[in-house]
Amino acid sequence: MVSTAAPLYTEALSFPGNLFVKKRTRILAITAGLVVVLFAAGVALLPALVTLNGVKGQIAETLSRSTGRPVAIRRLSLSVFPWFGIRLNGATLGNAPGFGATPLARVADARIEVRVIPLLSHHIVLRRVILTGLRLNLQENKAGITNWATLTHGAKPSPHPRAARASVREAPAFVLARAAGLTMRHAFIRYRNARTGGHDTLSDLTLRLGVIAPGRPVAFVAAARLKTASRPALPFRLAAQATYRASGLTLTSLTLRVASLVAHGRLQVLRTAKGLSADGHLVIPPFAPRPLITVLGLHYVPRDAHVLKRASADVVFHWNPSRLTLAPLRLTLDKTTITGHVTRSARPLLYRARLAIDHLRPMPYLPAPAPATHPAAPPARAPVAPAASSAVTSMPLVARVTCGRLRIHGLVATDLHAHIRAAAGHITIKPLTMVLYQGSLAGTIEAWLTSHPQTWRVRARIHNVQTGAVLRALALYPEFSGALDADLHLHGAGTKLAAIERGVSGRLTAAIPHGALRGIDLDLIAKDPKAAVGAHSARLRDATTFSGLHASATVAHGVVHMNTLALHTTRAAIHGHGRVTLATKTVDYLLDVALPSGFVVPVRVQGPVGHITFNVSLNRLLRDSSHNRLGPALKTLGGALQRAFGIH
């Protein structure tokens, strides 16, 4: 017979064993929990229990020896959360002798996260460095020496053997075994140059840099506000992938953002036996320049509101201490494209350029004239300062420029070629050639931009230029046409058009083999002198076709004095003299129309450009009537017209 109590007995025998296992598990869990709590409490109390005063002095002494500058640390403590590390508060690095008492560097809070185990063998393995409130005071004195130049030199070793042995015994207690990533917050960097008077600052600097390891790319992101002495603060953001090798540094995926401008590119910095060198490629996609001009604080408003809509750049560059090369170079601004290359040599300083411009209109980009003001009492005039000898006006330059189309003051020139030389503010453009309205212009231009006042000189020869097209382009008197040959020798002061018109002087000669003068028919007067006062006077508005025109003039302070003017038509020879005032654009000429019979008809040419009138000078005609053989009849007729109509 099988007993049914066997299973119950077996279960009863196993019950104490289960109870024992559960009790042991509970004890182990409680013990482990106590260990964890005690360890956590110990770690939490570690910064309070462990003093780092001795280590603080050792670290300060190590840094001082490696930099050759005094180093002070106000407070040094341990941090355990979120990583084990060392925390410095109020650390300063002293300045170089002769640069003042302000420290070279000061950091409000620095957290250095390290690995624990390597510290036991006096090795520092950094995980991350976080700097908050860093302030750098960078200076350069009048001799060109910087206050950071001797940082890496440290203290010079003593030649005495005993001192050398002492320095070995006092060697740093810790060795940096591995670098770390860097995070910088709220940093401020100031740079002062005593030679140039420059004062630049980087404020609100934020920097994130990954762990730098040779041959491995590391992410780099920086944002700050750049402030120069003459410009407002300029915010920017820079990001790149940096790869460090023994031969140098490479930046790829480089991105720079400033207002509406975004630049992409790459940069490689190499260390060679001759020093540092760099090369790279920079691309600026099309952007709107106006927001950038506003952010830069430039008080510039162009005359034409439709310009400065679009700009771009694409340039490959190479730099070493002796030369900077931009080649190839491509710049665009609105409808203008500039291609070529530019080099800058350091010794001696010289810029060289070879540029090709397809379409250039400089006049719309000139600053808009200031609105006229009417003060109650004009302020006392301050003495005029000499012309600014800025780096732009005085830099040495050799350039060859070609331009497919150039438009200035309405004039359009094509196929322009210019060789430009500049040194110490003296600019020479020689030779200068261009195609101008079916003709050509060849000459030289010189300018002295650093003198006061700024002066210039122009010599040019014009051949076969269509005068009618030129006058229409300049919105001057368009009724004159013909192929012009001329020689110009002009000089003056000032660079603005109004100053040029008031001050230009020199001489010129001109010849037009064939042409026409619309507005008066001098041949009609030659054929029938009575038409000047008769019923056919309306026909005088037709035109005069001439077979030759020769003129010479002198220019003095903006007034063109026509010394000789000879014009030959089919029936008459015309001579004259007069003047043109450039500032007011007014003409005052007297033409003598000589007939084959010896009869001379004086014609007065007067008025502002665009409204010139031709009138027979009856006063002169009647005064010279005895020489013109018209007799008493013409004299009587002229007197009657004078009395009736008040003609003079």
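Up top you'll find the structure we're talking about.
Note that this is a predicted model, so its numbers are computed, not measured. (Residues numbered from 1 in each chain as written. Predicted model: local features only at pLDDT ≥ 70, side-chain atom pairs only at ≥ 80, totals over all residues. Heavy atoms only, no water.)

### A short note on unusual backbone geometry
Along the chain, Ala 327 connects to Pro 328 via a cis peptide bond; the corresponding omega equals -5 degrees. Along the polypeptide, Pro 328 turns up in strand β14 (residues 323–333). Here the residue pair Arg 347 and Pro 348 is connected by a cis peptide bond, since its omega of -10 degrees sits within 30 degrees of zero. Along the chain, the position of Pro 348 falls in the loop between β15 (336–345) and β16 (350–357). Even without glycine at this site, Gln 438 takes up a positive phi of about 65 degrees. Here Gln 438 shows up in the loop between β19 (426–436) and β20 (439–448). Gln 438 sits in the exposed class, given a relative accessible area of 67%. Residue Lys 585 is not a glycine yet carries a positive backbone phi of 55 degrees. (Helix = DSSP H or I, 4+ residues; strand = E, 2+ residues; numbered from the N terminus. Buried < 20%, exposed > 50% of the residue type's maximum accessible area, 1.4 Å probe, protein only.)

### Section: the environment of Gly 410
Turning to its location among the elements, Gly 410 is positioned in the loop between β17 (397–408) and β18 (411–423). Counting along the chain gives 63 residues from Gly 410 to Ala 473, while the straight-line C-alpha distance between them is 5.1 Å. Not counting the four nearest positions on each side in its chain, Gly 410 is found in contact with Tyr 437 and Ala 473. (Contact = heavy atoms within 4.5 Å.)

### Side note on the pairing of strand β11 (residues 261–272)
With 9 bridges joining them, strand β10 (residues 248–258) and β11 adopt antiparallel strand pairing. Counted as the bridge partner of Leu 254 is Gly 265 from β11. The turn joining β10 and β11, which pair antiparallel and follow one another in sequence, is formed by 2 residues; a positive phi near 55 degrees is taken by Ala 259. In sequence, β11 turns back onto strand β12 (residues 275–287) through a hairpin of 2 residues. (Pairing = 2+ DSSP bridges.)

### A look at the pairing of β14
The two faces of the sheet receive side chains in turn, since in a regular strand these alternate between them. As judged from the 9 bridges shared by strand β13 (residues 311–320) and β14, these two strands associate in the antiparallel manner. Bridge assignment links Ala 313 to a residue of β14, and that residue is Leu 331. Between β13 and β14, which pair antiparallel in sequence order, lie 2 residues. Relative to β15, β14 is paired through 9 bridges, and the arrangement is antiparallel. Bridged to Leu 333 within β15 is Thr 336. Connecting the antiparallel pair β14 and β15 is a turn made up of 2 residues, with Asp 334 showing a positive phi of about 55 degrees.

### Digging into the environment of Ala 149
On the secondary structure map, Ala 149 appears in the loop between β4 (123–140) and α3 (161–169). Placed 53 residues apart in sequence, Ala 149 and Ala 96 show a C-alpha to C-alpha distance of 9.0 Å.

### Remarks on a positive patch on the surface
On the surface, a cluster of positive charge is contributed by Arg 323, Arg 352, Arg 354, Arg 400 and Arg 421. Position of Arg 352 relative to the elements: it lies in strand β16. (Patch = residues over 30% accessible without salt bridge, like charges linked within 9 Å, V, L, I, M, F, W, Y side chains within 5 Å. Areas by Shrake-Rupley, 256 points an atom, 1.4 Å probe, with all protein chains shown as cover. Salt bridge = Lys/Arg side-chain N within 4 Å of Asp/Glu carboxyl O. Lys, Arg positive; Asp, Glu negative; His and termini not counted. Charge placed at Lys NZ, Arg CZ, Asp CG, Glu CD.)

### As for the pattern of salt bridges
Scanning all chains against the criterion turns up 8 salt bridges. The residue Asp 109 makes a salt bridge to Arg 87 at a minimum N-O spacing of 2.8 Å. With Asp 109 in strand β3 (residues 105–114) and Arg 87 in strand β2 (residues 85–93), this residue pair connects regions lying 22 residues apart in the sequence. What makes Asp 109 buried here is its relative accessible area of 15%. Judged by its relative accessible area of 32%, Arg 87 is partly exposed. Asp 279 is the partner of Arg 266 in a salt bridge, and the nearest nitrogen-oxygen pair spans 3.6 Å. Taken as a pair, Arg 266 in strand β11 and Asp 279 in strand β12 lie far apart in primary sequence, 13 residues in all. Residue class for Arg 266 comes out partly exposed when judged on its relative accessible area of 40%.

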